[in-house]
Amino acid sequence: MRPHSLSRSLRRLVPTTLAALALGAAVLPADAVAAGKTQPDLLVDLVMTEPLNPAEGETFYARIDLRNYGNGDSGPVKLTVSVPAGLRTTTADTGTGWTCTVASTTSYSCAYPALLAGQRSQLSVPFEVAGATPGTSVPITATIAPDKRESNTGNNTGSVTVAIAGTCVIRGVVWHDLDGDGQREEGEPGIGPDGVLEVSLWRPQGETIGGGSATVNPDGTWSITARTELLYQVRVEAINQYDRTAGNVGDDATDSDLVTAYQHDPTLLAASDEFEAHAGGEYVVDAGLVTRS
Ligand SMILES: [Ca+2]
Ligand SMILES: [Ca+2]
Ligand SMILES: [Ca+2]
């Protein structure tokens, strides 16, 4: 056996075994393979979209993961990817050995030479947002047309939904909780830009697009028009003569919504809970500060 054919056999054997173990399935007995009773089992999995929250007119990618969990070669792989209303096709440049063509206004047709037993391949299919309603979730489906008889055809379709971004308003007031009871009463003043350096929106999900920041007005009020369909946390940075007051105490209309402080020096950095921002929403996040003891 020549060295290169040995290494090829090993390459085929190792991923097959790993894939079978990953599925929790028993590794097929060697005689099944020796007898030539091999079958492919292609599986399609739409991993995610990039970014998670595209907006009107933007291009995004659906990342599709395919594997051959069977013990035989798949032969040519054909994959149809649906393009639902609200999205449209754009120039496909998938790379990684795949070729995708625009089959119609409602689908792409993608092809790959073959997946060996245990082999895996990924492709990224581009879409443009065209007329989808902000705040809705649009489904994308990918379906394999197998070239050979498969041991399992129940896993030949995968789908993912993409949330279409819009805008929302996130606003609040920073105020001085003079009696430290967590509620804003008459006579407790707003804190303006002399005390508050910045209010910003932090995104815990890196795969999203959004954010923003604001300077507070002299009366402590602030407002940010922000992109939606993602998680935000409001962060308030203030001079270090302040600390945050107790959060979520009593009536939500007059309480403080800061629940944690990440630092006290050289500046105070305090934050709200994370919340989902949806198109058309208005979110009020108030911040009560006390004089630091
Ligand atoms: Ca299959
Ligand atoms: Ca108070
Ligand atoms: Ca609250």
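Computed from a prediction, not measured in an experiment: that's the story for all the values here.

Draft legend 1. How the structure looks around the overall build of the chain. Per the secondary structure count, the chain includes two helices and 19 strands. Within the chain, buried positions represent 43% of all 293 residues. Here the contacts in the chain between residues at least 6 apart in sequence split such that 72% fall between residues at least 24 apart. Put simply, the chain shows about 14,300 Å² of open surface, and 52% of that area lies on carbon and sulfur atoms.

Draft legend 2. Up close: the coordination of the calcium ion (ligand 2). Asp177 (OD), Asp179 (OD), Asp181 (OD), Gln183 (O), Glu185 (OE), Glu188 (OE) and Glu188 (OE) make up the full set of protein donors to the calcium ion (ligand 2), lying at 2.1 to 2.6 Å. Summarised as a motif, the one-chain spacing of the donors to the calcium ion (ligand 2) is D-x1-D-x1-D-x1-Q-x1-E-x2-E. The exposure class of Asp177 is buried, given its relative accessible area of 1%. With relative accessibility at 15%, the residue Gln183 sits in the buried group.

Draft legend 3. A look at the sheet that holds strand E9 (residues 157-163). Taken together, five strands build an open sheet; the order of strands is E5-E6-E3-E8-E9 and the sheet is antiparallel. The strands lining the two open edges of the sheet, one partner per strand, are strand E5 (99-104) and E9. In this sheet, neighbouring strand axes are inclined to one another by 20 degrees on average, regardless of whether the strands run parallel or antiparallel. Examined bridge by bridge, strand E3 (residues 77-82) and strand E6 (residues 107-112) share six bridges and lie antiparallel to one another. Paired with Val81 across the two strands is Tyr108, which belongs to E6.

Draft legend 4. Region of the structure containing the side chain of Glu128. In this structure, Glu128 sits in strand E7 (residues 120-129). By relative accessible area, Glu128 is classed as buried at 18%.

Draft legend 5. Highlighting the sheet that holds strand E4 (residues 87-89). In spatial order, the strands read E1-E2-E7-E4; together these four strands make up an open sheet with antiparallel pairing. The open sheet is flanked by strand E1 (42-50) and E4, the only strands paired with a single partner. Between one strand axis and the next, the sheet turns by 35 degrees as a mean value, whatever way the strands run. Relative to E7, E4 runs antiparallel, the two being bridged by three bridges. Following the sheet pairing, Arg88 is matched in E7 by Glu128.

Draft legend 6. Focus on the state of the cysteines. Taken as a whole, this structure holds one disulfide when the rule is applied. A sulfur-sulfur distance of 2.1 Å marks the disulfide that ties Cys100 to Cys110. Between Cys100 and Cys110 the disulfide shows an S-S torsion of about 115 degrees. By sign, it is right-handed. Here Cys100, found in strand E5, pairs with Cys110, found in strand E6; they are ten residues apart in sequence, far enough to count as distant. Residues Cys100 and Cys110 agree in their burial class; the two are buried.

Draft legend 7. Representation of the side chain of Ser256. If you trace the backbone, Ser256 turns up in the loop between strand E15 (242-244) and strand E16 (258-263). We classify Ser256 as buried; its relative accessible area is 0%. A distance of 2.9 Å separates a polar atom in the side chain of Ser256 from the backbone nitrogen of Gly288. Sequence-distant contacts of Ser256, defined by excluding residues within four places in its chain, comprise Trp175, Gly182, Thr245, Ala246, Gly247, Asn248, Asp286, Ala287 and Gly288.

Definitions and cut-offs
- Residues numbered from 1 in each chain as written.
- Chains lettered and ligands numbered in written order.
- Predicted model: local features only at pLDDT ≥ 70, side-chain atom pairs only at ≥ 80, totals over all residues.
- Heavy atoms only, no water.
- Helix = DSSP H or I, 4+ residues; strand = E, 2+ residues; numbered from the N terminus.
- Buried < 20%, exposed > 50% of the residue type's maximum accessible area, 1.4 Å probe, protein only.
- Contact = heavy atoms within 4.5 Å.
- Areas by Shrake-Rupley, 256 points an atom, 1.4 Å probe, with all protein chains shown as cover.
- Donors = N, O, S within 2.8 Å, 3.2 Å for Na, K, Ca; no water.
- Pairing = 2+ DSSP bridges.
- Axes fitted to C-alpha atoms, helices over the stretch in contact; angles between N-to-C directions.
- Disulfide = S-S within 2.5 Å.
- Polar contact = N/O pair within 3.5 Å; in protein donor to acceptor, adjacent residues only side chain to side chain.

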